[in-house]
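Architecture and fold: a report
Residue strings, one per chain:
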Amino acid sequence: MRLTALLILVLTGYCRLAQAQTPRPKSPVFSVTGYVRDVRTKQPIQGTNIVVLDVSKGYVTARDGFFVVNLPAGRYVLKFTHVGYRPTLDTIQVQGTVFREVTMADDAKDLDEVTVTSETPDRNVRKVELGVSQLTIRSIRRIPPLLGEVDIIRSLLLLPGVTTVGEGAPGFNVRGGSADQNLVLLDDAPVFNTSHLMGFFSAFNPDIVRDVTLNRGGVAASYGGRASSVLDVKVREPDAQKWSVNGGIGLVSSRLGVEGPILKNKLSLLLGARASFNDFLFKLAPANLRNTRANFYDLTTKLKHQLNEQHTLTLTGYQSQDVFKLPSDSLSGQEINASSTQFNYQTLNGTLHWNYFISKRANLNTALILSRYRADLSAPDSANAFTLRSGIWQRQLKTDFTYTLNPAHQVQVGLSLIDYRVQPNTRTVGPFSNVLPVTLADERAYELAAYAQDEWTLNPVLSILMGLRYSELLNRGPATVRTYAENGPVQDETVTGTRPYGAGAVYHTSGGLEPRLALRWTVGEGKSVKLGYSRLRQYINQITNTTAALPTSRWHLSDAYTKPQIADQYSLGYFRNSTDNAYELSGEVYYKHIANAIDYRDGAEIQLAPNVETQIVQGDGRAYGFEGLARKNKGRWTGFASYTYARTFLTMDSPYASERINGGNPYPANYDKPHTLNVLATYRPTAWFSLSLNFTYSTGRPTTQPYARALINGIYVPIYVDRNQQRIPDYHRLDFSMLFEQNPLKKKRNQSSWVFSIYNVYAHKNAYSVFYRLSNAANENAYKLSIFGTAFPSLTYNFKF
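Procedures and definitions
- Residues numbered from 1 in each chain as written.
- Predicted model: local features only at pLDDT ≥ 70, side-chain atom pairs only at ≥ 80, totals over all residues.
- Heavy atoms only, no water.
- Phe/Tyr/Trp six-rings, centres within 6.5 Å; stacked < 30°, edge-to-face > 60°.
- Buried < 20%, exposed > 50% of the residue type's maximum accessible area, 1.4 Å probe, protein only.
- Lys NZ or Arg CZ within 6 Å of the ring centre and 35° of its normal.
- Pairing = 2+ DSSP bridges.
- Helix = DSSP H or I, 4+ residues; strand = E, 2+ residues; numbered from the N terminus.
- Core = buried A, V, L, I, M, F, W, Y, C linked by side-chain atoms within 4.5 Å.
- Patch = residues over 30% accessible without salt bridge, like charges linked within 9 Å, V, L, I, M, F, W, Y side chains within 5 Å.
- Areas by Shrake-Rupley, 256 points an atom, 1.4 Å probe, with all protein chains shown as cover.
- Salt bridge = Lys/Arg side-chain N within 4 Å of Asp/Glu carboxyl O.
- Contact = heavy atoms within 4.5 Å.
- Polar contact = N/O pair within 3.5 Å; in protein donor to acceptor, adjacent residues only side chain to side chain.
- Axes fitted to C-alpha atoms, helices over the stretch in contact; angles between N-to-C directions.

1. Comments concerning the packing of aromatic side chains
- Evaluation of the coordinates by the stated rule reveals 13 aromatic pairs.
- Relative to Tyr-507, the ring of Tyr-501 lies with its centre 5.2 Å away and its plane at 35°, an arrangement referred to as tilted.
- When the centroid spacing of 6.0 Å and the interplanar angle of 20° are considered together, the rings of Phe-799 and Phe-801 count as stacked.
- Accessibility expressed as a relative area gives 41% for Phe-801, which makes it partly exposed.
- Put simply, the rings of Trp-754, Tyr-797, Phe-799 and Phe-801 touch in pairs and so form one group of aromatic residues.
- When the ring centre of Tyr-35 is taken as reference, the NZ or CZ atom of Arg-37 above it lies at 4.8 Å.

2. A word on the pairing of strand β27 (residues 443–457)
- Relative to β27, strand β25 (residues 409–429) is paired through 14 bridges, and the arrangement is antiparallel. Residue Gly-414 lies in a different strand from β27, and its bridge partner there is Tyr-451.
- As judged from the 14 bridges shared by β27 and strand β28 (residues 462–476), these two strands associate in the antiparallel manner. When the bridges of β28 are listed, Thr-457 appears paired with Ser-463.
- Hairpin geometry of β27 and β28 is characterised by an intervening segment of 4 residues between the two adjacent antiparallel strands.

3. Digging into the nonpolar core
- In terms of nonpolar packing, the biggest core is built from 34 residues, with Leu-197, Ile-540 and Phe-788 touching the most fellow members.
- Of all the secondary structure elements, the ones that give two or more residues to this core are β20 (293–306), β22 (340–357), β23 (362–379), β24 (386–406), β25 and β34 (554–557).
- When residues in this core are grouped by element, the largest group, 4 residues, is from β23.
- Counting residues in hydrophobic clusters, the runner-up holds 25 residues, among them Val-174, Leu-231, Val-233 and Val-235.

4. Examining unusual backbone geometry
- Between Gly-477 and Pro-478 the backbone carries a cis peptide bond, its omega angle lying at 10°.
- With respect to the helices and strands, the residue Pro-478 is situated in the loop between β28 and β29 (479–484).
- You will see that Asp-187, though not glycine, has its phi angle at about 50°, which is positive.
- Here Asp-187 shows up in the loop between β11 (182–186) and β12 (189–190).
- You can call Asp-187 buried: its relative accessible area is 4%.

5. Describing a nonpolar patch on the surface
- Together, Val-461, Trp-521, Val-523, Leu-531, Leu-572, Tyr-574, Val-589, Phe-626, Tyr-643, Leu-677 and Val-679 make up a nonpolar patch on the protein surface, roughly 840 Å² of accessible area in all.
- Of all elements in the fold, only β31 (506–524), β35 (565–578) and β40 (675–683) reach the threshold of two or more residues within the nonpolar patch.
- By the element assignment, Leu-677 lies in strand β40.
- What makes Leu-677 partly exposed here is its relative accessible area of 30%.

6. Things to note about the sheet that holds β11
- Reading across the sheet, the 5 strands line up as β8-β15-β16-β11-β12 and stay open at both edges, with mixed pairing between neighbours. The open sheet terminates on both sides in strands that have one partner only, identified here as β8 (132–136) and β12.

7. Here's the deal with the pattern of salt bridges
- Within this structure, the stated rule accounts for 31 salt bridges.
- Put simply, Arg-723 and Asp-599 hold a salt bridge, and the shortest N to O gap is 3.3 Å. With Arg-723 in the loop between β44 (715–719) and β45 (726–727) and Asp-599 in strand β36 (residues 583–600), this pair connects stretches of sequence that are 124 residues apart. Comparing Arg-723 with Asp-599, the two get one shared label, buried.
- Linking Asp-672 and Arg-647 is a salt bridge whose minimum nitrogen-to-oxygen distance equals 3.1 Å. One end of the pair, Asp-672, is in the loop between β39 (667–668) and β40; the other, Arg-647, is in strand β38 (residues 637–651), with 25 residues separating them in the sequence. Like Asp-672, the residue Arg-647 is buried in the burial classification.
- Through salt bridges with shared partners, a single ionic network connects Arg-175, Arg-216, Glu-588 and Glu-627.

8. Concerning the side chain of Thr-351
- Tracing the backbone through its elements, the reader meets Thr-351 in strand β22.
- When sequence neighbours within four positions are dropped, the list of residues in contact with Thr-351 reads Leu-186, Asp-187, Asp-188, Ala-189, Thr-314, Leu-315, Thr-316, Ala-367, Leu-368 and Ile-369.

9. Structural notes on the side chain of His-196
- Relative to the helices and strands, His-196 resides in strand β13 (residues 195–196).
- Here Asp-298 takes part through its side chain, which lies 2.9 Å from a polar atom of the side chain of His-196.

10. Focus: the environment of Tyr-624
- Relative to the assigned elements, Tyr-624 resides in strand β37 (residues 616–632).
- The class of Tyr-624 is partly exposed, set by a relative accessible area of 27%.
- Note: C-alpha distance between Tyr-624 and Gln-569 (55 residues apart in sequence) is 9.3 Å.
- The residues contacting Tyr-624, other than those within four sequence positions of it, are Tyr-590, Tyr-591, Tyr-645, Ala-646, Arg-647 and Phe-649.

11. Some points on the sheet that holds strand β4 (residues 66–72)
- Taking strand neighbours across the sheet as the criterion, the 3 strands line up as β4-β1-β7 in an open arrangement whose pairing is mixed. Unpaired on one side and paired on the other, β4 and β7 (98–104) mark the two borders of the sheet. Within the sheet, the average angular offset between the axes of one strand and its neighbour, ignoring direction, is 30°.
- Bridge count between strand β1 (residues 29–38) and β7: 7 bridges; the pairing is parallel. When the bridges of β7 are listed, Tyr-35 appears paired with Glu-101.

This is the structure in structure tokens:
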């Protein structure tokens, strides 16, 4: 009831505020609405500047290219401008509501390009939020690819504050957070595994992506559920004018896409498929990986129905599957007794959006979201045959209402309901297997949320973004809940009883407020200072005792014994543009405190533990750092350099020895990498050829090395004491690529391009991990694993007709 009352108050309060502040024009004012799109690709152009000539009114298109211009009756000329496009003039006669489809063409003779952002060139200075970066697929294609595969996730690693625990590791880490603390959305549907081939490549087909936005500092109140960042991947709009086919042939995968109108300007379809045929690549890998087999596919579709000028329906679907088979000698440290092990993991997502353009001031966006992730691990040997299966099912209903009081003031409110079902693990066995079957009980919960946000430009100097989110998790049955001794550790030996709960019965709740605040001061032409604070709550966690979480790693909902992770982050940044936005310079410092941070206990066995709270501990985490970025946007040479200094420490202290790590003293997290440097340079002497170089360096991640050795029955056994007190060697790599496109001055229906690249040009053997094995030798029992220890050339052909 308290949540329902809060939601009603939020909605009614903001609706009354909107009604109270709605101005009453003295003369009739009409709306000129429409979309701005690329003339060739038909994709919306965000951040287009719109100027009403002779009236001195200015506007900017929204993320989907949509614009609203309010004008009294009369004849007007609108000028549309955007970096990299030719200015467009449109003459309109306003006598009532007007709808326009405006197209803009590339300025082929202009070699300047925006490398990172698709919005207005000075967005980094003008916008209120901090720590927000946007990548367009056009800029991502300029980054030297691995084996010819353009990679969405890998491109994020060039941004300040974004790292990974190792080459080929799944997921990414943002500002001292673990990989599961990132909320990854594909058209609003959560993606629980963002990689193919166990982390080598991204799960997103670059041909269907419009843009990628990473919120690592100022997370809007409309987002929640994760403690570090939000990665919002948007699928591009299908062409509503004509049919086209595109694709590519590469070493890792081949792609094919089709799009066009089913009913012109009304109903359009986008379909993109990608599949791999790359088992031969593992012949180039280290000896223990040469018998590996790996294949994947993904399928993305988007159907858009423009019912009328007010109502739009879109349906986005995504399905992917990976099969990865490893020989037994590649599984160092894994307790698997089999000749080979096969990983099979699948994602199935669907999102139905209804956008209702109520009026020139009000817009309602409602979405029904379904997401399923399933992961299997199996061994084929008859004596030890088994299949280990886990999965996540998430259903969500959300709605967002946006009201624009005036061009400088906008409010937004929203509601969200999520239904979780987590299958921790189920082990089934073969008919002649000696392995015992295990079934762990499913976890179920509801997550309810309501939010309100107000973005207000008070004057040309000061802007403010205020947000408040309330979220609550309700654990529900069927479930059997343990009780533990009040004065003792949470472990099997301290259980005092159990209590069963029927289907649908709520047995535990947790939640609270999540305030968000951002301020921007303009301190001069092209210069601003920003200050931000945000609180984020996380109710679903990936539990693992490995450095890089496997696709089969266990997911677990917060409950009475696993508290939600709560991250409080403070940010301060300085942003400056010069020479007509040709150069950008920015620096941000941040401090983040994480309450109820999770780590595994010493000697934890997580996969099949019936009560996972006995295998983990919770404590405090703190992360702090500096992020610097210098970028050149114009000229034949473009690019940027980013530097990150970041530290992350965990403290797991408790009155009970079994719940302490490192004696209760702070220790570096697995993903603590103090120094990271990325440099990307692109040379574009003509409109059809470009050359790119990328260099990256980072401090080696923490590792735990033996403190001593013990001789037991003639075998030297390593002894470990403190966690993460040593580091693997530092990482560095140089990549190179060349892009050959058609001359855009020669207008052709069929288009093609070639990409030649070399990954790891000087063949540096970067260490993924350093590990130890039992040995009967007195020394030499340390081993270094390199994933890409040589240079990898590739050639990719892309086409569209």
